[in-house]
Amino acid sequence: MNQALTPHGPPRQRSTRRRGLISAAAVVTAALCLAVPTAVAQADEGSPFSYIGQDTPKIAVYPYSYNSQWQPGMDAALANWNATYSPVSLTKKSSSTSTVTAASYSANWYGYYQACGGTCLYIRLNSRTISKDSANQKNYVTSVLVHEYGHALNLGHRDGQSSIMNRQRNRNTMVKPSSSDVTNVIRAFPSWNPS
Ligand SMILES: [Zn+2]
């Protein structure tokens, strides 16, 4: 089995991260969000955290432009996190090496988060599975991207709960982080000090 495809390995301590290095260790800090949940992705159910996220909740990605079927749903994902009372700030910046990419992938996941460093990420959205399974495509795109940003914000899967990190959520309707998701992001970045 390709280690790069392991949804969640053992929790990694933030202090051990080597910032900016695209190393073998960085390659395994990826989260597959499978269209069909499988037994392989059960490791983190005891904790709301994945420890595979970014060092900061202020995340800039390289600007992207997609067609009207996709762009509004993708932009809504950033807006929905930014609207929360939390340290989260999701922006686009032309100097960023982080990317959000929508394309048709043969794999069966909807979304894929990968850390390429403490302030570097790659998020991929699978247009093939999303187009195939969605009733409300805009909401589906938003739901998947809000979930992937959740991984970037150090959230793990929360199956069985009202959470954007629940892989069984209705992606046609659930497009925002839940209150518990927001609480957990605040806990993940305890230095936040709202004035
Ligand atoms: Zn996931």
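Before any of the text, the structure's been laid out above.
Everything in this summary refers to the structure shown in the same document. Because the structure is predicted, anything quoted here is derived from the model rather than measured.

Describing the overall build of the protein
Right, so step 1: The helix and strand tally for the protein stands at five helices and six strands.
Right, so step 2: Buried positions account for 39% of the 195 residues belonging to the protein.
Right, so step 3: Here the analysis covers contacts within the protein between residues at least 6 apart in sequence; of these, 70% occur between residues at least 24 apart.

Remarks on helix α2 (residues 71-82)
Right, so step 1: Between its first and last C-alpha, α2 extends 17 Å over twelve residues, near the 16 Å set by a 1.5 Å rise per residue.
Right, so step 2: Tucked into the core, α2 has its buried residues touching β3 (89-92), β4 (99-103) and α4 (137-152).

Comments concerning helix α5 (residues 179-188)
An α-helical segment advances 3.6 residues per turn. Residues three or four places apart therefore align on the same side.
Right, so step 1: Buried residues of α5: Asp 181, Asn 184, Val 185 and Ala 188, and no others. Looking straight down α5, one finds that the buried residues subtend no more than 105° of arc, so they occupy a single side. Turned more than 90 degrees off the buried face of α5, the exposed positions are Ser 179 and Arg 187.

Here's the deal with the sheet that holds strand β6 (residues 120-126)
Right, so step 1: Within the open sheet, the four strands sit side by side as β1-β5-β6-β4. Their pairing is mixed. Strands at the two margins of the open sheet, each flanked by one partner only, are β1 (30-34) and β4. Strand-to-strand twist of the sheet, defined as the mean angle between neighbouring strand axes without regard to direction, takes the value 10°.
Right, so step 2: By the bridge criterion, five bridges tie β4 to β6 in an arrangement that is parallel. Residue pairing across strands places Thr 99 opposite Tyr 122, the latter belonging to β6.
Right, so step 3: On top of the sheet, α4 reaches β1, β5 (109-117) and β6; it is set at about 30° to β5, its chief contact.

Some words on the environment of Val 141
Right, so step 1: Note on placement: Val 141 falls in helix α4.
Right, so step 2: Given 30 C-beta atoms within 10 Å, Val 141 falls into the buried group.
Right, so step 3: It is 7.2 Å that separates the C-alpha atoms of Val 141 and Ile 130, two residues lying eleven residues apart in sequence.
Right, so step 4: Ignoring anything within four residues of it in the chain, the contact list for Val 141 reads Trp 70, Gly 73, Met 74, Leu 125 and Ile 130.

What about the environment of Ala 30?
Right, so step 1: Checked against the element boundaries, Ala 30 lands in strand β1.
Right, so step 2: Ala 30 sits 121 residues away from His 151 along the chain, and the two C-alpha atoms are 8.9 Å apart.

Details of the packing of α2 against α4
Right, so step 1: Look at α2 against α4: their axes get within 8 Å of each other, and the N-to-C directions meet at 45°. One element, α2, and the other, α4, form an angle in the oblique class. Regarding α2 and α4, the two cross each other, and that crossing is right-handed. Where α2 abuts α4, its residues Pro 72, Gly 73, Met 74, Ala 76, Ala 77, Asn 80 and Trp 81 lie against Lys 138, Asn 139, Val 141, Thr 142, Leu 145, Val 146 and Tyr 149.
Right, so step 2: Looking at the contact of α2 with α4, its residues break down into nine nonpolar, four polar and one charged.

Basis of the calculations
- Residues numbered from 1 in each chain as written.
- Predicted model: local features only at pLDDT ≥ 70, side-chain atom pairs only at ≥ 80, totals over all residues.
- Helix = DSSP H or I, 4+ residues; strand = E, 2+ residues; numbered from the N terminus.
- Buried ≥ 20, exposed ≤ 12 C-beta atoms within 10 Å, placed from the backbone.
- Contact = placed C-beta atoms within 7 Å.
- Expected span 1.5 Å × (residues − 1).
- Arc of directions from axis to C-beta.
- Pairing = 2+ DSSP bridges.
- Axes fitted to C-alpha atoms, helices over the stretch in contact; angles between N-to-C directions.
- Parallel < 35°, antiparallel > 145°, perpendicular 65-115°, else oblique.
- Left-handed = near helix turned anticlockwise from the far one by under 90°.
- Nonpolar A, V, L, I, M, F, W, Y, C, P; charged D, E, K, R; others polar.

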